[in-house]
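Descriptive structure summary
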Amino acid sequence: MSNQLATLPDSDLYQQDFYAWTKRMEAALLGRKWSDIDVDNLAEEIADLGGSIERSIESRLDLLIGHLVKLAVSADDRPRRGWWNTVRTQRRAIDKALQKNPSLRSRFDALFAEQWTEGLGHARSGLRDEEMDLVIEADPWLTPLQAMTLIDEAALRALAPRG
């Protein structure tokens with residue numbers, strides 16, 4: 001850290017050089033120098049870190065839902081293998097995030113419901129015009145459990161409402 005940055009108050013350093021601020025906070029925490037901790041900004045960063053885990057799951061749910069919807073409504077044979085690969089990848093990543101953060105399991109059903117519309121939008125971007133009409137704006141027709149476990153494409157197609 002440059003001498004100029006080293007003399008900055010924590011709140012100024014936080015604004016001007018976030019990395020240097022994190023190193024300063026790390027040193028203060030490890031040295032148990034409680035009076036040197038920028039409590040307000042540190043609390044904000046910890047809250048943001050927790051939120052980023054939730055946002056990651058939301059993003060993965062968007063992809064998962066989108067690809068499951070495409071598999072349910074598309075007549076196209078060609079991209080199906082790639083769509084299933086994406087489904088498996090997103091499921092594994094969501095499972096891993098929930099294993100590392102078990103308190104988010106209680107929010108999973110709500111996150112799924114909240115991301116349903118975003119997932120439908122993602123699905124539409126990969127469908128032909130006539131297939132897009134099959135993606136009905138409605139309450140989720142998949143449960144979170146089905147989205148995380150269903151591997152039978154015929155069952156998936158049977159669940160999807162048709163426009």
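Structural notes, computed from the coordinates. (Residues numbered from 1 in each chain as written. Predicted model: local features only at pLDDT ≥ 70, side-chain atom pairs only at ≥ 80, totals over all residues. Heavy atoms only, no water.)

**Examining the side chain of serine 74**
Note the following rule: The numbering of helices and of strands both runs from the N terminus, where a helix is a DSSP run of H or I of at least 4 residues and a strand a run of E of at least 2. Exposure is judged per residue with a 1.4 Å probe applied to protein chains only, and the accessible area is read against the type maximum: over 50% gives exposed, under 20% gives buried, and values in between give partly exposed. Here a polar contact is recorded for every N or O atom pair within 3.5 Å, except that within protein the pair must consist of a potential hydrogen donor and a potential acceptor, and residues adjacent in sequence are included only if both atoms are side-chain atoms. Contact criterion: two residues are considered in contact whenever any of their non-hydrogen atoms come within 4.5 Å of each other.
By the secondary structure assignment, serine 74 is in the loop between helix H4 (39-73) and helix H5 (80-100). Using a relative accessible area of 1% as the deciding quantity, one classes serine 74 as buried. Here the side chain of serine 74 touches glutamate 131 through a polar contact of 3.0 Å, side chain to side chain. Residues in contact with serine 74, not counting those within four places in the same chain, are Arg80, Trp83, Leu127, Glu131 and Arg157.

**Focus on the packing of aromatic side chains**
Worth spelling out the cut-off: For Phe, Tyr and Trp, rings pair up if their centres lie within 6.5 Å, where Trp contributes its six-membered ring, and each pair is then called stacked (planes under 30 degrees apart), edge-to-face (over 60) or tilted (otherwise).
Overall, the coordinates contain five aromatic pairs when judged by the stated rule. Plain terms: the ring middles of tryptophan 116 and tryptophan 141 are 5.5 Å apart, the flat faces sit at 90° to each other, and that makes the pair edge-to-face. Placement of tryptophan 116 in helix H6 (residues 105-124) and of tryptophan 141 in the loop between helix H7 (129-132) and helix H8 (144-149) is noted, with a sequence separation of 25 residues between them. For tryptophan 116, a relative accessible area of 1% gives the class buried. Given a relative accessible area of 14%, tryptophan 141 falls into the buried group. Through pairs of rings, three or more aromatic residues link up here, namely Tyr14, Phe18 and Trp21.

**Concerning the environment of leucine 156**
Considering the arrangement of structural elements, one finds leucine 156 in helix H9 (residues 153-159). A sequence separation of 34 residues divides leucine 156 from histidine 122, and the C-alpha atoms of the two residues are 17 Å apart. Those residues in contact with leucine 156 that sit more than four places away from it in its chain are Leu68, Leu71, Ala72, Trp84, Trp141, Leu142 and Leu150.

**Some points on the packing of H4 against H6**
The condition that has to hold: To get an axis, a line is fitted to the C-alpha atoms, and for a helix only the part in contact is used. The angle between two axes follows their N-to-C directions and goes from 0 to 180 degrees. Roughly parallel covers angles under 35 degrees, roughly antiparallel covers those over 145, roughly perpendicular covers 65 to 115, and oblique covers all other angles. Helix crossings are classified by the rotation of the near helix relative to the far one: an anticlockwise turn of less than a right angle makes the crossing left-handed, while a clockwise turn makes it right-handed. Gly falls in the polar group here, along with every residue not listed as nonpolar (Ala, Val, Leu, Ile, Met, Phe, Trp, Tyr, Cys, Pro) or charged (Asp, Glu, Lys, Arg).
One can describe the packing of H4 onto H6 by two numbers: an axis separation of 7 Å at closest approach and a directional angle of 55°. Our classification of the angle between H4 and H6 gives oblique. The chirality of how H4 crosses H6 is right-handed. Contact residues: Glu54, Ile57, Glu58, Leu61, Asp62, Leu63, Ile65, Gly66, His67, Val69 and Lys70 in H4; Arg107, Phe108, Leu111, Phe112, Glu114, Gln115, Trp116, Glu118, Gly119, Leu120, His122 and Ala123 in H6. Its residues placed into classes, the contact of H4 with H6 shows eleven nonpolar, five polar and seven charged.

**Thoughts on the pattern of salt bridges**
The test is simple: Salt bridge, as used here: a side-chain nitrogen of Lys or Arg that lies within 4 Å of a carboxyl oxygen of Asp or Glu.
A complete count under the given rule lists seven salt bridges for this structure. Here arginine 55 and aspartate 48 are joined by a salt bridge, their closest N and O atoms 3.1 Å apart. In this structure arginine 55 comes out as partly exposed when scored by relative accessible area, which is 42%. Between arginine 107 and glutamate 54 there is a salt bridge whose closest N-O contact spans 2.9 Å. Separated by 53 residues along the polypeptide, arginine 107 in helix H6 and glutamate 54 in helix H4 bring together distant segments of the chain. A single salt-bridge network, built from bridges that share partners, covers Glu54, Arg107 and Glu114.

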